[in-house]
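A structural walkthrough
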Amino acid sequence: MIAMPATMSIIYGRRWTLLFIGAACWLAGVVCGQAPPAAYLRAPSIQQLEWHRLEYYAFIHFGPNTFTNEEWGRSQSTPDVFKPAALDTDQWAKSFADAGMTGMILTAKHHDGMALWATNTTTYKIGNGNWARDRVAKGLNADIVQLAAASARKYGIKFGIYLSPWDIHRDPAMPKTQLAGTVYDEPQIFGDSTPGDYNEFYAQQLTELVTMRLEDGSPIQVSELWLDGNSGSNTVQTFNWTDFRNIIREHQPGAIMWGHQGVDARWVGNEDGVTVATNWHTISRTQDQPHYSGDQLQTGVRDGTYWTPAEADARLRDGWFYHANEKSKSASTLMDMYLQSVGRSVNLLLDVPPDTTGQIPKGDVDILLQFKSQRDAFLNRELLKPGLATNASSIRGGDSMLYGPANVLDGNSTTYWAIDERATTGSLEIDLGDIYKVDAFITQEHIALGQRIGGYAIDAIVNDAYETLVTGTSLGYKRIDKLDTPVETSRIRLRITQTNATPLINGFQVLGVLKGSG
C-alpha cells in the first residue's frame with residue numbers, strides 16, 4: 001500500500017467534509033445560512049387548513065319548523081307535523097355543487113329538539129311520525145341525516161352536522177302543552193338543577209351521528225360539527241365541551257368543531273355574512289371560557305393563543321327556516337356579502353332552506369346560479385400568469401427557486417415568496433407585459449406557517465409613477481380588494497408594510513382586462 005502524504009490527506013479530508021455539508025443542506029432542502037421559516041406562534045392544523053380552502057358552503061335548516069312556520073319550535077308539535085311532499089336530498093346537493101358551493105351543513109336537531117335521524121335517545125324524532133312510517137312501509141329510507149350525507153358524497157361536496165346544545169323539548173322552562181300525556185312527554189333533564197344528566201344525553205346523540213353508517217355500510221364523513229351556543233331560556237345548563245370535543249376527535253378526527261369561540265372555528269360575531277376589514281385568525285379564549293362580544297369575535301386577537309378562524313353565517317331569506325312569505329336576497333347582494341366575508345379571509349356559510357316539499361325552491365336555486373355567474377365573471381379575469389417578469393426587494397437567502405417572487409404566480413399552495421430573515425417589510429413588482437384596465441387584487445398569505453402580516457399596500461404605475469390603490473391591515477388566508485374605479489396600468493407592486501415576523505406571500509393575482517377589450 002502506498003502511503004498518502006499528510007498534506008494530501010488534509011486536502012481530501014476537507015473536500016469530503018465540504019461535500020458532506022453540501023449534501024446535508026441539499027437533503028434538508030434548505031439554503032445554508034437561512035433555513036426555511038419556522039411556524040410563527042400559532043398555525044392551523046391540517047384539517048383547519050383544508051377548511052380555510054372550502055371558503056363557501058351551504059347551511060340547511062330543515063325540520064318541524066319548516067311546517068309550523070316557526071324559527072325555534074316553541075310550539076312543540078308532534079312528529080306528525082313533519083311531512084315533506086317530495087323529499088329530494090340529491091336535489092339539495094346537486095344544486096349546491098352546481099352553484100360552486102363546497103359543502104352543506106344540515107340541522108340534525110335544532111332548538112326544538114326533534115331528531116332528523118334514527119336515534120335511540122328520544123321518542124321525539126321524525127321516525128315516529130306518519131310521514132316516516134309511510135316511507136319505511138314503501139321500502140324507502142326516512143333518515144334525513146343519512147340521506148343528506150349520501151347525497152353530499154354523490155355530488156362531491158362536504159357534509160356537516162348541526163346539533164343544537166339547547167333542547168326546548170328537554171327544558172323544564174319551556175311549555176309543551178301539545179305533548180302532555182303522549183309518548184313524547186319525556187323527562188325534563190336540561191339544566192344543572194334537573195335530576196337527569198343532559199350532557200350524557202347530548203353526548204349519546206353526538207356519538208350516534210359521528211359513528212353513523214350510510215345505507216351501503218360505509219362510515220359517514222363529517223367535515224364540520226356546528227354546536228350552536230344560542231338559547232332562548234333562562235335555564236342554566238353547563239355543557240361538558242371537553243367530552244363533546246373528545247367524541248368528535250375520536251370518531252371524526254378530520255372534522256372542524258365550530259362553536260362561539262372554537263374549538264376549531266369561531267362565530268364571526270353577526271348573522272349578516274360579513275366581517276370588518278381587520279380580521280385575525282387567532283383568539284385567546286376557548287369555548288369553556290367567558291364569551292367574547294360580537295365585535296371582538298369579528299376582529300379576533302392578533303398573535304392570539306389559539307388558531308380559531310371565523311366563519312360568517314348568513315341567510316338567503318329573512319329567516320333560517322323556509323317561510324312562504326319571505327323574499328330571497330339578490331345575486332348582487334350575495335356578491336357584496338362574499339367580498340366582505342371570503343374577501344376578508346372568512347368562510348361564508350349561506351343558509352338555503354328547503355321548503356315544505358323537501359326541496360330547495362327553484363327561485364332560490366336560480367339565485368345561487370346567478371350569484372355563481374357573477375362570481376365567476378368577476379374572478380375569471382386573472383392577468384398574472386407564470387413566467388411574467390417579477391422582482392423583489394429581497395429574497396430569503398438569495399434562493400429564488402425556494403423563496404423567489406415568481407412563486408406567488410405558480411398556483412401552488414405550498415410555495416411562497418419570503419424576504420430576507422432580517423427584514424419585516426418588503427415589496428415585489430410584476431410587469432404585466434401590456435396595458436390593462438385593473439379593478440381588483442387577490443392576495444394570500446402563507447398561513448400554513450401562521451398569520452404574520454399586519455399591513456400591506458398595492459400600487460400601480462399611473463402616468464409613469466407609482467400610485468397607491470389599496471391599503472390594508474391583516475392579510476390572512478385570502479384578501480380580495482376591489483377598486484371603485486378601474487385604473488390603466490402595465491406594472492403592479494405589492495408592499496408589505498408591517499409584520500411581526502418575516503412575511504410569507506403564497507399568492508398574488510390581479511383582475512382586469514386588456515385595455516381596449518372591454
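What you see is a predicted model, and the numbers here were worked out from it, not measured in a lab. (Residues numbered from 1 in each chain as written. Predicted model: local features only at pLDDT ≥ 70, side-chain atom pairs only at ≥ 80, totals over all residues. Heavy atoms only, no water.)

What follows is about the overall build of the protein. Per the secondary structure count, the protein includes 12 helices and 17 strands. The buried share of the protein, taken over its 518 residues, is 55%. Long-range contacts, defined here as pairs at least 24 residues apart, represent 77% of the contacts in the protein between residues at least 6 apart. When the accessible surface of the protein is split by element, carbon and sulfur atoms take 52% of a total near 21,800 Å². Averaging the coordinates of the 44 positive side-chain charges in the protein and doing the same for the 57 negative ones gives two points 5 Å apart. (Helix = DSSP H or I, 4+ residues; strand = E, 2+ residues; numbered from the N terminus. Buried < 20%, exposed > 50% of the residue type's maximum accessible area, 1.4 Å probe, protein only. Contact = heavy atoms within 4.5 Å. Areas by Shrake-Rupley, 256 points an atom, 1.4 Å probe, with all protein chains shown as cover. Lys, Arg positive; Asp, Glu negative; His and termini not counted. Charge placed at Lys NZ, Arg CZ, Asp CG, Glu CD.)

Our next topic: the side chain of serine 233. Here serine 233 shows up in the loop between strand E4 (224-226) and helix H8 (241-251). At a separation of 2.9 Å, a polar atom in the side chain of serine 233 contacts the main-chain amide nitrogen of threonine 235. Non-local contacts of serine 233, meaning those with residues more than four positions away in its chain, are made with Trp166, Asp171, Ala173 and Met174. (Polar contact = N/O pair within 3.5 Å; in protein donor to acceptor, adjacent residues only side chain to side chain.)

Structurally, the position occupied by leucine 206 is in helix H7 (residues 198-210). When its relative accessible area of 0% is taken as the criterion, leucine 206 is described as buried. Sequence-wise, leucine 206 and tyrosine 162 are 44 residues apart; in three dimensions their C-alpha atoms are separated by 10.0 Å. Not counting residues within four places of it along the chain, the set of residues in contact with leucine 206 comprises Leu163, Leu225, Phe244, Ile247 and Ile248.

We now examine the sheet that holds strand E1 (residues 56-60). Taken in spatial order, the eight strands line up as E1-E2-E3-E4-E5-E6-E9-E10 and close into a barrel, and their pairing is parallel. For this sheet, the mean angle separating the axes of adjacent strands, direction not counted, is 25°. Judged from the three bridges that link them, E4 and strand E5 (residues 256-259) form a sheet pairing that is parallel. By the bridge assignment, glutamate 224 is partnered in E5 with isoleucine 256. (Pairing = 2+ DSSP bridges. Axes fitted to C-alpha atoms, helices over the stretch in contact; angles between N-to-C directions.)

With that settled, the discussion passes to unusual backbone geometry. Peptide bonds are mostly trans, and most non-glycine residues show a negative phi. Here the residue pair glycine 262 and valine 263 is connected by a cis peptide bond, since its omega of 25° sits within 30 degrees of zero. Relative to the helices and strands, valine 263 is located in the loop between E5 and strand E6 (265-267). You will see that glutamate 55, though not glycine, has its phi angle at about 65°, which is positive. The class of glutamate 55 is buried, set by a relative accessible area of 12%. A positive phi angle, close to 70°, is found at serine 345, a residue other than glycine. Position of serine 345 among the secondary structure elements: in the loop between helix H10 (331-339) and strand E10 (347-351).

It is worth spelling out the pattern of salt bridges at this point. Counting across every chain of the model gives 19 salt bridges. Note that glutamate 429 and arginine 491 form a salt bridge whose closest N and O atoms lie 3.2 Å from each other. Here the residue glutamate 429 occupies a position in strand E13 (residues 426-445), and arginine 491 occupies one in strand E16 (residues 479-499), the gap between them amounting to 62 residues. One salt-bridge network, in which partners are shared between bridges, spans Glu429, Asp431 and Arg491. (Salt bridge = Lys/Arg side-chain N within 4 Å of Asp/Glu carboxyl O.)

Right, let's get into empty space enclosed by the protein. Tallied over the full model, the rule gives three cavities of 30 Å³ or more. Taken as a whole, the largest cavity encloses approximately 60 Å³ of empty space. Looking at the largest cavity, the residues that line it are Tyr40, Leu41, Arg42, Trp280, Thr282, Arg302, Asp303, Gly304, Trp307 and Gln451. Of the residues that constitute the lining of the largest cavity, the class distribution is four nonpolar, three polar and three charged. (1 Å grid on protein atoms, 1.4 Å probe; cavity = no way out; pocket = protein on both sides within 12 Å on 5 of 7 lines; lining within 4 Å. Points joined across faces, edges and corners; volume = space filled by probe spheres on them. Nonpolar A, V, L, I, M, F, W, Y, C, P; charged D, E, K, R; others polar.)

Take the packing of helix H4 (residues 89-98) against helix H6 (residues 144-154) next. Closest axis-to-axis distance for the H4/H6 pair is 8 Å, and the angle between their directions is 35°. By crossing handedness, the relation of H4 to H6 is classed as right-handed. Contact residues: H4 offers Thr89, Asp90, Trp92 and Ala93, while H6 offers Ile144, Leu147, Ala148, Ser151, Ala152 and Lys154. Split by residue class, the contact of H4 with H6 holds six nonpolar, two polar and two charged. (Left-handed = near helix turned anticlockwise from the far one by under 90°.)

Another aspect to go through is the pairing of strand E14 (residues 453-462). Burial within E14 is extensive, with nine of its 10 residues counted as buried. Between E14 and strand E15 (residues 465-472), which follow one another and run antiparallel, lie two residues, and asparagine 463 among them has a positive phi close to 55°.

Our next topic: the confidence of the model for the protein. When pLDDT is averaged along the protein, the result is 93, and 93% of the positions lie at 70 or above. Confidence over residues 1-33 falls short of pLDDT 50; this stretch has 11 contacts with residues more than four positions distant or in other chains. (pLDDT = per-residue confidence, 0-100.)

A volume near 680 Å³ is recorded for the largest pocket. For the lining of the largest pocket, the elements supplying multiple residues, two or more each, are helix H11 (362-379), E13 and strand E17 (504-514). If you tally residues by element for the lining of the largest pocket, the top one is E17, at four residues. Of the residues in the lining of the largest pocket, the class split is 14 nonpolar, 12 polar and eight charged. In this structure, the second largest pocket encloses a volume near 360 Å³. Lining the second largest pocket are 18 residues, and of these Gly229, Gln237, Phe239, Trp241 and His291 sit closest to its centre. Residue classes in the lining of the second largest pocket are distributed as seven nonpolar, nine polar and two charged.

Where H7 meets H8, the axes come as close as 10 Å, and the angle between the chain directions of the two elements is 15°. As far as their axial angle goes, H8 and H7 are roughly parallel. For the pair H7 and H8, the crossing hand works out as right-handed. In this structure, H7 contributes Asn199, Tyr202, Ala203, Leu206, Thr207 and Val210 to the contact, and H8 contributes Phe244, Ile247, Ile248 and His251. Taken together, the residues of the contact of H7 with H8 break down into seven nonpolar, three polar and no charged. (Parallel < 35°, antiparallel > 145°, perpendicular 65-115°, else oblique.)

Considering the arrangement of structural elements, one finds isoleucine 447 in the loop between E13 and E14. Sequence separation between isoleucine 447 and serine 75 is 372 residues, and the spatial gap between their C-alpha atoms is 46 Å. Residues within four places of isoleucine 447 in sequence aside, it is in contact with Ala43, Pro44, Leu49, His52, His281, Trp307, Gly476 and Tyr477.

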